[in-house]
Amino acid sequence: MSSDIGFIGLGNMGFPMMRRLVSAGHRVVVFDTRDDVVGDATNLGALAATSVGEVAHRTETVMASLPTPQVSNAVALDVAAGTRVRRFVDLSTIGGEAAQRNHDVLAARGIAALDSPVSGGVRGAEAGTLALMVSGARSEFEFLTDVFGALGNAIFVSEKPGAAQTMKLINNLMAAATLAATAEVVVMGVKAGLDPEVIIDVLNAGSGATHASRDKFPRAVLPRTFDFGFATGLMAKDVRLYLDEAETLSTPIEVAEVVARIWETTQTEAGPASDFTSVVLPMEKAAGVTVGTEKTDCATS
Ligand code: NAD
């Protein structure tokens, strides 16, 4: 069943998700603070709005894919003032505390809030194969079966506000730790004289395989394109959010603290806008080696 959907935040993840909703036949009203991406969306058949408030005046289901908890909270406040909106689905990674704030602000206006952080990266967003972790009212989750189906596989986590955010932080701490660990061991192997492609092949054939060795290294590190599609600053934010929640719960954070330090170093040395596969760069610098080789264009060489 097609329906009207508002979509706020058309970045690396939001844009391809919006495109899938348009392709599935939904009438999608979009807003982003960047005019260029709004223009690109209207070229695909989406309808442009000029503010968050306008989206919430025009659609009953408002989805958002935003960079930080602060931006999500500000957008949720504007959504809460909408006259037509009935539910707000936040696809961003913002942590449990910010999600709870959104639930409170929206519930005061009779608007349902669903946390729906996603995993699977830009490729998953393009292909409609994301894992969506959802918390909030189960009836709202069921109401949105078709919408979630256009984006990937939606897993209901809990009715508790923010629970899916906690799940997402757990997932991303694992992703951050395994990417950092893979970078560290490959740098060590290269300095010892091993071929990085062989290191990755062997890891993938054995018990050291992770998403980092299977996908991130072959696609974005070994060819030195550093273009996987997730910013270092966003990964550093997710690790910080994990640490905040674990500290509140008084659970061990020895691994998470080391991982956080590695991502802060990457952010300082490569910049927050760099791709998160740049985590290998400070390690290469410290070791005095380079992992992989840039692909050259045969036609121009
Ligand atoms: P991004 O920075 O590429 O996109 C964010 C978009 O939000 C930008 O287009 C920006 O202009 C827009 N925006 C910022 N403030 C706004 C506002 N006030 N109103 C409207 N639009 C606004 O980020 P992304 O990589 O697409 O990630 C979005 C969210 O998804 C983040 O929370 C991130 O942690 C999470 N996430 C990203 C990935 C990934 O691989 N990129 C994977 C899973 C989850």
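Residues numbered from 1 in each chain as written. Predicted model: local features only at pLDDT ≥ 70, side-chain atom pairs only at ≥ 80, totals over all residues. Heavy atoms only, no water.

(A) Structural view of the side chain of Ser278. Of note, Ser278 is situated in the loop between helix H13 (254-270) and helix H14 (280-287). Overall, the relative accessible area of 4% leaves Ser278 in the buried class. Within the structure, Ser278 has its side chain in polar contact with the backbone oxygen of Asp275 (distance 2.7 Å). Apart from residues lying up to four places away in sequence, Ser278 is in contact with Phe226, Thr266 and Ala270. (Helix = DSSP H or I, 4+ residues; strand = E, 2+ residues; numbered from the N terminus. Buried < 20%, exposed > 50% of the residue type's maximum accessible area, 1.4 Å probe, protein only. Polar contact = N/O pair within 3.5 Å; in protein donor to acceptor, adjacent residues only side chain to side chain. Contact = heavy atoms within 4.5 Å.)

(B) The arrangement of a negative patch on the surface in detail. On the surface, Asp244, Glu247, Glu254 and Glu257 cluster together into a patch of negative charge. Of all elements in the fold, only helix H12 (232-249) and H13 reach the threshold of two or more residues within the negative patch. Within the element layout of this structure, Glu254 appears in helix H13. Assessed through its relative accessible area of 66%, Glu254 is described here as exposed. (Patch = residues over 30% accessible without salt bridge, like charges linked within 9 Å, V, L, I, M, F, W, Y side chains within 5 Å. Areas by Shrake-Rupley, 256 points an atom, 1.4 Å probe, with all protein chains shown as cover. Salt bridge = Lys/Arg side-chain N within 4 Å of Asp/Glu carboxyl O. Lys, Arg positive; Asp, Glu negative; His and termini not counted. Charge placed at Lys NZ, Arg CZ, Asp CG, Glu CD.)

(C) The arrangement of the pairing of strand S1 (residues 4-8) in detail. Of all 5 residues making up S1, 4 are buried, and the element is well covered by its neighbours. In terms of strand pairing, S1 meets strand S2 (residues 27-31) through 5 bridges, oriented parallel. Across the sheet, residue Ile8 finds its bridge partner in S2, namely Phe31. Following the chain from S1 across helix H1 (residues 14-23) to the adjacent parallel S2, one finds a crossover that is right-handed. Relative to strand S4 (residues 61-64), S1 runs parallel, the two being bridged by 4 bridges. Bridge pairing links Ile5 to Thr61 in S4. (Pairing = 2+ DSSP bridges. Right-handed = clockwise from strand over helix to strand, strands pointing away.)

(D) Expanded view of the domain arrangement of the protein. Domain boundaries assigned for the protein yield domain 1 (4-161) and domain 2 (166-287). Domain 1 and domain 2 are separated by 28 Å when their C-alpha centres are compared. Tallying the contact residues gives 15 residues for domain 1 and 12 residues for domain 2. Counting the surface lost from both domain 1 and domain 2, the interface buries some 1,000 Å², and carbon and sulfur atoms represent 61% of this. Among the residues domain 1 hides against domain 2, the three largest losses belong to Thr93, Arg123 and Met133. Together they make up 39% of the total. Seen at the junction of domain 1 and domain 2, the total is 6 residue pairs in polar contact (both at pLDDT 80 or more). For the side of domain 1 that touches domain 2, the elements supplying multiple residues, two or more each, are helix H5 (95-107), strand S7 (118-119) and helix H6 (121-127). Take the side of domain 1 that touches domain 2: its biggest share by element is 3 residues, from H5. (Domains from an automatic or database assignment. Buried area = accessible area lost by both parts, 1.4 Å probe.)

(E) Representation of a nonpolar patch on the surface within the structure. A cluster of nonpolar side chains, namely Val157, Met167 and Ile170, defines an oily patch on the protein surface of about 220 Å² accessible area. Along the chain, the position of Val157 falls in strand S9 (residues 152-158). On the basis of relative accessible area, Val157 is assigned to the partly exposed category, the value being 34%.

(F) Focus on helix H10 (residues 196-205). For H10, the set of buried residues is Pro196, Ile199 and Ile200. Around the axis of H10, the buried residues are gathered within 95° of arc, so they sit on the same side. Facing away from the buried side of H10 by over 90 degrees, the exposed positions are Asp201, Val202 and Ala205. The secondary structure elements touched by the buried residues of H10 are helix H9 (163-191) and helix H11 (211-221). For H10, the capping residue at the N-terminal end is Asp195, with a side-chain oxygen 2.8 Å from the backbone nitrogen of Glu197. (Arc of directions from axis to C-beta.)

(G) Representation of the site of the ligand. In the vicinity of the ligand, 25 residues are found, and the nearest of them are Met13, Asp32, Leu66, Gly229 and Lys237. At 3.5 Å from an oxygen atom of the ligand is found a side-chain nitrogen or oxygen belonging to Thr33. For the ligand, whose unbound accessible area comes to 830 Å², protein coverage reaches 86%. Those elements giving two or more residues to the shell around the ligand turn out to be helix H4 (69-80) and H12. Looking at the shell around the ligand, the element that brings in the most residues is H12, giving 3 residues. When the residues that make up the shell around the ligand are grouped by side-chain class, the tally is 11 nonpolar, 9 polar and 5 charged. Two domains each provide a minimum of three residues to the shell around the ligand, namely domain 1 (4-161) and domain 2 (166-287). (Near = heavy atom within 4 Å. Nonpolar A, V, L, I, M, F, W, Y, C, P; charged D, E, K, R; others polar.)

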